[in-house]
Amino acid sequence: MTDVTLTRDDMGFISKLVYEHAGIVIREHKEAMTRGRLARRVKALGLHSVAEYCAYLKTPQAADEIPELINAVTTNHTSFFRERHHFDHLRKDVLPRLVQERSGRRGRIRIWCSAASSGEEPYSIAAVSRDVLGNRSDVDFKILATDIDTDILAKAEAAIYSPDQFDRLPSDVKPLLKLENSGRGEARISDDLRRMIAFKRLNLIERWPMSGPFDVIFCRNVFIYFDTQTKASILDRFVTLLAPGGFLYLGHSESLPQPHPQLRLIGRTIYERLP
Ligand SMILES: C[S@@+](CC[C@H](N)C(=O)[O-])C[C@H]1O[C@@H](n2cnc3c(N)ncnc32)[C@H](O)[C@@H]1O
């Protein structure tokens, strides 16, 4: 049996480690959930208690364990076409204009999905983009999908989902996902959509290797885990990478920590980068 007792000191130690490495603030009411998640790592390492796990994290061998700890504590909840209004805005107001502007001279369109979780969000982006782009080859179109959690990124790249994830989807968007039967009672997103996306690990609080510009950035439902200072610094970096006239989508309960001089709110959690 795993002993999941977590002393105040151990909780403080874990919280500090997670904040330093991922910017995630573990709030007090999340302690029970954290204990459960740590128990997974305790078991995987053949240890007997969370206390032993904390002791292990203090040894030099623990460097390899930090990414596993981060994978364990991240919340990956997501779904296809979650917060539908963003995909409608992208499909009707953003992409047709970008395609018209950039087509004919192999212009680039770049979208970054910055907390992509298990892939439902970038595949929804790919689905509406393919719908607007059709088969045209005169636009260089790419989606970059990143997340800190390597386990969840592997799931996203595999693109295999259980059919009940699609059952509740509105009938106008479901066909856009171009599902293929994977033969195991599961459905796989088609090659066509998968090829539009590059999945990479990226920690939002570390250095970003990309130089941009991006026409659209999705950063939804991850700011809730960060403190004000972390949010503000990530926002500044988004603005630097966004093309003038580009769009930033935040999650439903998220807003800017304070008004940003270069971002204008133009819809429900939709911001436009000013020229
Ligand atoms: C709740 S999910 C949101 C998924 C999707 N954006 C959506 O709105 O449906 C939050 C995601 O943020 C990721 N995340 C947490 N901290 C991160 C960090 N420091 N850098 C990058 N991604 C992070 C988690 O791994 C998780 O997949």
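Further up the page is the structure itself.
Residues numbered from 1 in each chain as written. Predicted model: local features only at pLDDT ≥ 70, side-chain atom pairs only at ≥ 80, totals over all residues. Heavy atoms only, no water.

Draft legend 1. Inspection of the layout of surface pockets at higher detail. In this structure, the largest pocket occupies an estimated 390 Å³ of space. In terms of residue class, the lining of the largest pocket is built from eleven nonpolar, nine polar and four charged. Of the volumes computed, that of the second largest pocket is approximately 270 Å³. For the second largest pocket, the lining is made up of 14 residues, of which Val25, Lys30, Met33, Thr75 and Tyr225 are closest to its centre. Among the elements that make up the lining of the second largest pocket, the one with the highest residue count is helix α2 (residues 31–44) (three residues). Taken together, the residues that form the lining of the second largest pocket break down as seven nonpolar, four polar and three charged. (1 Å grid on protein atoms, 1.4 Å probe; cavity = no way out; pocket = protein on both sides within 12 Å on 5 of 7 lines; lining within 4 Å. Points joined across faces, edges and corners; volume = space filled by probe spheres on them. Nonpolar A, V, L, I, M, F, W, Y, C, P; charged D, E, K, R; others polar. Helix = DSSP H or I, 4+ residues; strand = E, 2+ residues; numbered from the N terminus.)

Draft legend 2. Region of interest: the pattern of salt bridges. Within this structure, the stated rule accounts for 16 salt bridges. Here Glu68 makes a salt bridge to Arg41, at a shortest N to O gap of 3.8 Å. One end of the pair, Glu68, is in helix α4 (residues 65–73); the other, Arg41, is in helix α2, and 27 residues separate them in sequence. With a relative accessible area of 28%, Glu68 lands in the partly exposed category. Classification of Arg41 by relative accessible area gives buried; the value is 14%. In this structure, the salt-bridge partner of Arg264 is Glu272, at a minimum N-O distance of 2.8 Å. We classify Arg264 as partly exposed; its relative accessible area is 43%. One connected set of salt bridges, linked through shared partners, spans Arg97, Glu101, Arg102 and Asp215. (Salt bridge = Lys/Arg side-chain N within 4 Å of Asp/Glu carboxyl O. Buried < 20%, exposed > 50% of the residue type's maximum accessible area, 1.4 Å probe, protein only.)

Draft legend 3. Quick peek at the nonpolar core. Grouped together as the largest cluster of nonpolar side chains are 44 residues, with contacts concentrated most on Leu69, Trp112, Leu204, Trp208, Phe238 and Leu248. For this core, the secondary structure elements donating two or more residues are α1 (8–22), α2, α3 (50–57), α4, β7 (214–219), α10 (228–241) and β8 (242–250). Counting 42 residues, the second-largest nonpolar core is a separate cluster that includes Leu98, Val99, Cys113 and Leu153. (Core = buried A, V, L, I, M, F, W, Y, C linked by side-chain atoms within 4.5 Å.)

Draft legend 4. How the structure looks around the sheet that holds β7. Pairing is mixed in the open sheet, where seven strands are placed in the order β6-β2-β1-β7-β8-β10-β9. At either end of the open sheet lies a strand with only one pairing partner, and these are β6 (197–201) and β9 (263–267). Across the sheet, the mean angle from the axis of one strand to that of its neighbour is 20°, orientation sign disregarded. Pairing of β8 with strand β10 (residues 270–273) involves three bridges; the strand directions are antiparallel. Residue pairing in the sheet places Phe247 in a bridge with Glu272 of β10. Relative to the sheet, helix α7 (residues 150–158) contacts β2 (139–147) and β6, its axis offset from that of β6 by approximately 165°. Taken strand by strand, α10 contacts β1 (107–113), β7, β8, β9 and β10, and its axis lies near 140° from that of β8. (Pairing = 2+ DSSP bridges. Axes fitted to C-alpha atoms, helices over the stretch in contact; angles between N-to-C directions. Contact = heavy atoms within 4.5 Å.)

Draft legend 5. Here's a closer look at the sheet that holds strand β5 (residues 187–189). Pairing is antiparallel across the open sheet formed by three strands, whose spatial order is β3-β5-β4. With partners counted over all chains shown, the strands left at the sheet margins are β3 (160–161) and β4 (179–181), one partner each. The sheet contact formed by β3 and β5 spans two bridges and is antiparallel. Residue Ile160 lies in a different strand from β5, and its bridge partner there is Arg188.

Draft legend 6. Structural context of the site of the ligand. Taken together, 22 residues sit near the ligand, with Thr78, Arg82, Ala115, Asp147 and Asn221 positioned nearest. Asn203 is positioned such that a nitrogen or oxygen atom in its side chain is 3.0 Å from a nitrogen atom of the ligand. One of the backbone nitrogen or oxygen atoms of Leu204 is found 2.9 Å away from a nitrogen atom of the ligand. For the ligand, whose free accessible area comes to 610 Å², the fraction covered by protein is 99%. Placement of the ligand is best described as lying within the largest pocket. Classifying every residue of the shell around the ligand by side-chain character gives nine nonpolar, eight polar and five charged. (Near = heavy atom within 4 Å. Polar contact = N/O pair within 3.5 Å; in protein donor to acceptor, adjacent residues only side chain to side chain. Areas by Shrake-Rupley, 256 points an atom, 1.4 Å probe, with all protein chains shown as cover. Sits in = over half its atoms within 2 Å of the grid points.)

Draft legend 7. Quick peek at the packing of aromatic side chains. Scanning the model with the defined rule gives 14 aromatic pairs in all. Where Tyr123 meets Tyr161, the ring centres are 6.3 Å apart and the plane angle is 75°; that geometry is what we call edge-to-face. Here Tyr123 is found in helix α6 (residues 120–133), whereas its partner Tyr161 is found in strand β3, with 38 residues between them in sequence. By relative accessible area, which is 0% here, Tyr123 ends up buried. Residue Tyr161 is classed as buried on the basis of its relative accessible area, which comes to 1%. Between Phe218 and Tyr249 the ring centres are 4.7 Å apart and the planes differ by 55°, which places this aromatic pair in the tilted class. You can see Phe218 sitting in strand β7 and its partner Tyr249 sitting in strand β8, a full 31 residues away along the chain. In this structure, Phe218 and Tyr249 share a single accessibility class: buried. In this structure an aromatic cluster arises from ring pairing among Trp112, Trp208, Phe214, Phe223, Phe226 and Phe238. The side chain of Lys58 reaches across the aromatic face of Phe13, ending 4.6 Å from its centre. (Phe/Tyr/Trp six-rings, centres within 6.5 Å; stacked < 30°, edge-to-face > 60°. Lys NZ or Arg CZ within 6 Å of the ring centre and 35° of its normal.)

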